[in-house]
Amino acid sequence: MTAAENVCYTLINVQSDSEPPSEVSLKADLEKGEIKAKTEALKKVIIMILNGEKLPGLLMTIIRFVLPLQDHTIKKLLLVFWEIVPKTTPDGKLLQEMILVCDAYRKDLQHPNEFIRGSTLRFLCKLKESELLEPLMPAIRACLEHRHSYVRRNAVLAIYTIYRNFEHLIPDAPELIHDFLVNEKDASCKRNAFMMLIHADQDRALDYLSTCIDQVHTFGDILQLVIVELIYKVCHANPSERARFIRCIYNLLQSSSPAVKYEAAGTLVTLSSAPTAIKAAAQCYIDLIIKESDNNVKLIVLDRLIELKEHPTHERVLQDLVMDILRVLSTPDLEVRKKTLQLALDLVSSRNVEELVIVLKKEVIKTNNVTEHEDTDKYRQLLVRTLHSCSVRFPDMAANVIPVLMEFLSDTNEAAAADVLEFVREAIQRFDNLRPLIIEKMLEVFHAIKTVKIYRGALWILGEYCSTKEDIQSVMTEVRRSIGEIPIVENEIKKETGELKPEDEVSAAPAQKLVTEMGTYVTQSALSSSRPSKKEEDRPPLRGFLMDGDFYVAASLATTLTKVALRYVSIVEDNRKQNSFVAEAMLIMVTVLHLGKSSLPKKPITDDDVDRISLCLKVLSECSPLIE
């Protein structure tokens, strides 16, 4: 045996900082030491041999003084020792001392303790010397009839390994194991025996399976898995056998073991392309995803469903199962939900898109009521994007989707609201018949928008697509509602001075007189009121954005007001109404400019925003019938 073959199948932890003992001290411990000392010495011998030491002088010492001991720890260590110790001379002949070892293990194979018998059989699976195994064959065969299943199943493994490596030692192994399998009752023993027949004599394995094929669903899961493996191999090698075993695979889809169901579904797909088979396998996958708690398992099975979809004939079958696939959305894991939504979106057709949209709308409403989960916002965003895609592919569904999604323009999660805004912008451009509905819903939620980016987008949509007199007037009403009382500067100063109460905590600081742009004096005090946050919460949204110094939204507002005012002038013939509307728009712009140049906002207005608002004022002043 070469050095590369001299391996150990057991992992052993070696302390690198310990000093290697001398062979003399080890020999003394193995000969005269107590059980504990012999155990420690044997461990050191094993480690030294693994590190490349030969130690030939200790072999006979271990045979004489350690091998006869009945201590279980000693026996476990000896199994490792005989596995790694050199058993042949340099010229390849078996050492004479190994005959004694062989006799000792023949006695262990007849030991009344089932653990010693079983562990010895496992050790024999690792031996590569046929001379050592040949005298043990009668004892190994006798272990097939032992009362304990641990011994019997290890005896099957030993026979299988010996037959594979040294067939001449037990040429009748397949027949022996077949007879054993017919009479065996233990599931683990039957599994090992059946596994051996699959690899050693497949015809005998098929003969046994044909005698019990109707009882397969009553077998244990470990045996069912091996049966699935056999059917898969046989049917791939000989496709004519498929009809013989297809019913058995169908029965295994109802197994209580998730592993068996998974393997049976995968085998069924490879054996048959019939729609009924694909549907049964897909339904099995869906049930596994729903019932299994491990998210990794869910993702693996979802990948199998996605693979099924890639085949054109399979895809048509899966389209009928879209609603079943959506049941997976009950899983809280975001990655599972993401894959499920993508799969459902790929499979949706005109036949089931309405049902899909109903389910997704319910899921969106659920996310509005559930806030404790950390992925709720991301999940809502996924739902919005899926509904967006459905509406683009199936325009008839847009009218059902828009009212639900428009509610989320006021969402505090900017990403989800931005997705809704993108969807609304695309829908209002693509579907002319939906514009009145979108404008109506936009005006309903306009005052509740909390994010300045979304507010700017909503302003642009209203300014671009409001075309009737009623809609334009509604836009102006909502803008006035959103900006609050004007002029802003004077009202804010009045609120600041009017809210001071004797009971409010005021920090001692000198009052300072300031001159406003209107030429009036106001007194500014450094104070700390007990209710500043409430005052800010009471501000309308647009007023709050402006007080925070975000005047980019003011420029957007000026552009929108200019658009709707010009459109209003072209629609309405009454000069008084035209002048009134244009004057109101200009008043709002001037008020915003005044606020931007005051010291009230957190940040002053930029020159770019001033130029944009001034340009809008100039345009409106030139179009006004009053000025003309």
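In the annotation of an unreviewed UniProt entry, the entry for the chain reads Coatomer subunit beta, and the organism field reads Oryzias javanicus.

**Remarks on the overall build of the chain**
For the chain, the helix and strand inventory stands at 33 helices and two strands. Counting the 628 residues in the chain, one finds 48% classified as buried. Long-range contacts, defined as pairs at least 24 residues apart, comprise 67% of the intrachain contacts of the chain with a sequence gap of at least 6. For the chain, the exposed area adds up to about 31800 Å²; of that, 50% sits on carbon and sulfur atoms.

**Overview of the nonpolar core**
In terms of nonpolar packing, the biggest core is built from 210 residues, with Phe 81, Trp 82, Ile 140, Phe 194, Leu 305 and Leu 546 touching the most fellow members. Not counting residues within four places of it along the chain, the set of residues in contact with Phe 194 comprises Leu 181, Ala 205, Tyr 208, Leu 209, Leu 223, Val 226, Ile 227 and Leu 230.

**What about the packing of aromatic side chains?**
Within this structure, the stated rule accounts for eight aromatic pairs. Ring centres of Phe 446 and Tyr 455 lie 4.7 Å apart, and the angle between their planes is 40°; this geometry places the pair in the tilted category. Each member of the pair, Phe 446 as well as Tyr 455, is classed as buried. Between Tyr 455 and Phe 545, the aromatic rings sit 5.4 Å apart at their centres with planes inclined by 75°, giving edge-to-face as the arrangement. On the criterion of sequence distance, the pair formed by Tyr 455 in helix H26 (residues 452-465) and Phe 545 in helix H30 (residues 541-547) is long-range, its members being 90 residues apart. Since its relative accessible area comes to 0%, Tyr 455 is described here as buried. The class of Phe 545 is buried, set by a relative accessible area of 10%. Taken together through their ring pairs, the aromatic side chains of Phe 446, Tyr 455 and Phe 545 make up a single cluster. The ring of Phe 219 is capped by Lys 190, whose NZ or CZ atom sits 4.7 Å from the centre of that ring. Over the ring of Tyr 379 we find Arg 337; its NZ or CZ atom is 3.8 Å from the centre of that ring.

**Some details on the packing of helix H4 (residues 72-84) against helix H5 (residues 98-108)**
Look at H4 against H5: their axes get within 13 Å of each other, and the N-to-C directions meet at 135°. Relative to H5, the element H4 is oriented oblique. In the packing of H4 onto H5, the handedness of the crossing is left-handed. For the pair formed by H4 and H5, the contact residues are Lys 75, Leu 78, Leu 79 and Trp 82 on the first element and Met 98, Val 101, Tyr 105 and Asp 108 on the second.

**Concerning the pattern of salt bridges**
Scanning the entire structure with this criterion turns up 25 salt bridges. Across the pair Asp 103 and Lys 107 runs a salt bridge, and its minimum N-O distance is 3.8 Å. Here Lys 107 and Asp 103 lie together in helix H5, a separation of four residues that amounts to about one turn. With relative accessibility at 30%, the residue Asp 103 sits in the partly exposed group. Ionic pairing is found between Glu 307 and Arg 304, a salt bridge with its closest N-O pair at 3.7 Å. One end of the pair is Glu 307 and the other is Arg 304, both in helix H17 (residues 295-309) and three residues apart, which spans about a single turn. Taking relative accessible area as the criterion, Glu 307 reaches 51% and is therefore assigned exposed. Classification of Arg 304 by relative accessible area gives partly exposed; the value is 25%. Through salt bridges that share partners, Asp 103, Arg 106 and Lys 107 make up one connected network.

**Examining a nonpolar patch on the surface**
There is a patch of nonpolar side chains on the surface, built from Leu 566, Leu 615 and Val 619 and spanning about 220 Å² of accessible area. The residue Leu 566 is located in helix H31 (residues 552-571) in this model. The class of Leu 566 is partly exposed, set by a relative accessible area of 34%.

**Comments concerning the environment of Gly 457**
As for its position among the elements, Gly 457 is in helix H26. Overall, Gly 457 belongs to the buried group, its relative accessible area being 13%. When the C-alpha positions of Gly 457 and Ser 556 are compared, they lie 8.8 Å apart, and in sequence the two are 99 residues distant.

**Re the environment of Ser 410**
Here Ser 410 is to be found in the loop between helix H23 (398-406) and helix H24 (414-430). Classification of Ser 410 by relative accessible area gives buried; the value is 16%. Here the alpha-carbon distance between Ser 410 and His 447, two residues 37 residues apart in the chain, equals 8.6 Å. Those residues in contact with Ser 410 that sit more than four places away from it in its chain are Ala 448, Ile 449 and Lys 450.

**Quick word on the environment of Leu 345**
Along the polypeptide, Leu 345 turns up in helix H20 (residues 334-347). Separated by 44 residues in the primary sequence, Leu 345 and Ser 389 place their C-alpha atoms 7.9 Å from one another. Not counting the four nearest positions on each side in its chain, Leu 345 is found in contact with Thr 386, Ser 389, Cys 390 and Arg 393.

**Details of the packing of helix H15 (residues 258-271) against helix H16 (residues 275-291)**
Contact geometry of H15 with H16 gives a least axis separation of 9 Å together with a crossing angle of 155°. Of the possible angle classes, the one that applies to H15 and H16 is roughly antiparallel. Regarding H15 and H16, the two cross each other, and that crossing is left-handed. Residue-level contacts link Pro 258, Lys 261, Tyr 262, Ala 265, Gly 266, Leu 268 and Val 269 of H15 to Ala 277, Ile 278, Ala 280, Ala 281, Cys 284, Tyr 285 and Leu 288 of H16. When grouped by side-chain class, the residues that make up the contact of H15 with H16 number 12 nonpolar, one polar and one charged.

**Here we look at helix H13 (residues 221-237)**
Taking 1.5 Å per residue as the helical rise, H13 with its 17 residues ought to reach 24 Å, and the 24 Å between its terminal C-alpha atoms agrees with that figure. By the burial criterion, the buried members of H13 are Leu 223, Gln 224, Val 226, Ile 227, Val 228, Leu 230, Ile 231, Val 234 and Cys 235. Residues of H13 that are buried sit in contact with helix H11 (187-200), helix H12 (202-211), helix H14 (242-252) and H15.

**Some thoughts on H12**
Taken residue by residue, H12 has Ala 205, Leu 206, Tyr 208 and Leu 209 as its buried positions. The arc that holds the buried residues of H12, viewed along the axis, is 160°, so those residues lie on one side. In H12, the exposed residues that point more than 90 degrees away from the buried face are Asp 203 and Thr 211. The elements touched by buried residues of H12 are helix H10 (173-183), H11, H13 and H14.

**Considering the side chain of Ser 149**
Looking at the element boundaries, Ser 149 is found in helix H9 (residues 149-165). Ser 149 sits in the buried class, given a relative accessible area of 18%. Discounting residues that sit within four places of it in the chain, Ser 149 has contacts with Asp 186 and Cys 189.

**A word on the side chain of Lys 298**
Mapped onto the fold, Lys 298 is located in helix H17. Buried charge Lys 298 goes without a salt bridge, the closest partner of opposite sign being Glu 292 at 7.8 Å. Among residues more than four places away in sequence, those in contact with Lys 298 are Ile 289, Ile 290, Glu 292, Ser 293, Thr 331 and Val 336.

Cut-off values and rules
Residues numbered from 1 in each chain as written. Predicted model: local features only at pLDDT ≥ 70, side-chain atom pairs only at ≥ 80, totals over all residues. Heavy atoms only, no water. Helix = DSSP H or I, 4+ residues; strand = E, 2+ residues; numbered from the N terminus. Buried < 20%, exposed > 50% of the residue type's maximum accessible area, 1.4 Å probe, protein only. Contact = heavy atoms within 4.5 Å. Areas by Shrake-Rupley, 256 points an atom, 1.4 Å probe, with all protein chains shown as cover. Core = buried A, V, L, I, M, F, W, Y, C linked by side-chain atoms within 4.5 Å. Phe/Tyr/Trp six-rings, centres within 6.5 Å; stacked < 30°, edge-to-face > 60°. Lys NZ or Arg CZ within 6 Å of the ring centre and 35° of its normal. Axes fitted to C-alpha atoms, helices over the stretch in contact; angles between N-to-C directions. Parallel < 35°, antiparallel > 145°, perpendicular 65-115°, else oblique. Left-handed = near helix turned anticlockwise from the far one by under 90°. Salt bridge = Lys/Arg side-chain N within 4 Å of Asp/Glu carboxyl O. Patch = residues over 30% accessible without salt bridge, like charges linked within 9 Å, V, L, I, M, F, W, Y side chains within 5 Å. Nonpolar A, V, L, I, M, F, W, Y, C, P; charged D, E, K, R; others polar. Expected span 1.5 Å × (residues − 1). Arc of directions from axis to C-beta. Lys, Arg positive; Asp, Glu negative; His and termini not counted.

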